[in-house]
Amino acid sequence: MRDGMYESFAQVYDMFMDNVPYEAWKEYILRELKKENIESGLILDLGCGTGRMTRLLAKAGYDMIGVDVSEEMLMIARDISAGKADGILYLLQDMREFELYGTVRAVISVCDSMNYIMEEEELSQVFSLVNNYLDPDGIFIFDLNTVYKYEELLKDNTICENREEGSFIWENFYDKEERVNEYDLTLFIREEGELYQKYEETHFQRAYSIQTIRELIEKSGLKWIGVYDAERGGEVREDSERVYFVAKEQEK
């Protein structure tokens, strides 16, 4: 997962992720929540990172808990929330073994956080914990990068971006047999004046088929609701790059 990851990238994460459509993701999540008559109450954001989605949902009127395994990301999230009356509780926890004091009305996870879970057994454990902490008929919404995205778009490609505040080189190496994508990330972050510090990180994500996710959801005790194309809405297509999964708590 994200253990030991995002240590240096956390400093510039929001800057380089400013093209991510968080507002559109928020609107989709709000629609799904309102379908289930969840218009207020406590929501858990798993893999919350620097808290972008957590804060958007707090602003929409929900009481938010953000969980992430990266201390550096949570420090930024807490700094942003400092002095604001958003009431967000940030917890430094691994989503594979997170603990809450009570149940929540919904659990959400965006920005392919679940792809960082490298083993099916561990992903099943996450789903079981979600089911355990959801209110009766509570809803679970999360996204994943698709097998198509890893195999056809990322695979062995290199992504670069250069800005005054910093630059990055993001090299991808995809193992089709293992369905594991390795990201070798090189960062040049501006420290002071014209001085840039070099940092290196390696990340791993796993691609999961929709059928595997459905089986793991149902194995955990959650009720399968559906899967949808995250960019275009509606049914998943062969070239869908990111998909939303929706599941519900069932009576235990």
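Note: the structure precedes this text.
Residues numbered from 1 in each chain as written. Predicted model: local features only at pLDDT ≥ 70, side-chain atom pairs only at ≥ 80, totals over all residues. Heavy atoms only, no water.

> Can you lay out the packing of helix α2 (residues 22-35) against helix α3 (residues 52-59) for me, pointing to particular residues and giving the numbers?
Running from N to C, α2 and α3 point in directions that differ by 50°, and their axes come no closer than 10 Å. In this view, α2 runs oblique relative to α3, as classed from their interaxial angle. Once α2 is placed against α3, the crossing between them reads as right-handed. Residues Tyr22, Glu23, Trp25, Lys26, Ile29 and Leu30 of α2 touch α3, and the partners they reach there are Arg52, Met53, Leu56 and Leu57. Classifying every residue of the contact of α2 with α3 by side-chain character gives seven nonpolar, no polar and three charged. (Axes fitted to C-alpha atoms, helices over the stretch in contact; angles between N-to-C directions. Helix = DSSP H or I, 4+ residues; strand = E, 2+ residues; numbered from the N terminus. Parallel < 35°, antiparallel > 145°, perpendicular 65-115°, else oblique. Left-handed = near helix turned anticlockwise from the far one by under 90°. Contact = heavy atoms within 4.5 Å. Nonpolar A, V, L, I, M, F, W, Y, C, P; charged D, E, K, R; others polar.)

> With reference to specific residues and values, describe the environment of lysine 198.
Tracing the backbone through its elements, the reader meets lysine 198 in strand β9 (residues 195-206). Taking the relative accessible area as the measure of exposure, lysine 198 reaches 46% and is therefore partly exposed. Separated by 168 residues in sequence, lysine 198 and leucine 30 place their C-alpha atoms 39 Å apart. For lysine 198, the contacting residues outside a window of four places in its chain are Thr186, Leu187 and Phe188. (Buried < 20%, exposed > 50% of the residue type's maximum accessible area, 1.4 Å probe, protein only.)

> Explain the sheet that holds strand β6 (residues 158-162) residue by residue, including any values.
Spatial strand order, β6-β7-β8-β9: four strands in an open sheet with antiparallel pairing. Where the open sheet ends on each side, the last strands, each with one partner, are β6 and β9. Within the sheet, the average angular offset between the axes of one strand and its neighbour, ignoring direction, is 10°. Alignment of strand β7 (residues 166-175) against strand β8 (residues 180-192), held across 10 bridges, turns out to be antiparallel. Looking at the pairing, phenylalanine 173 lines up with glutamate 182 of β8. (Pairing = 2+ DSSP bridges.)

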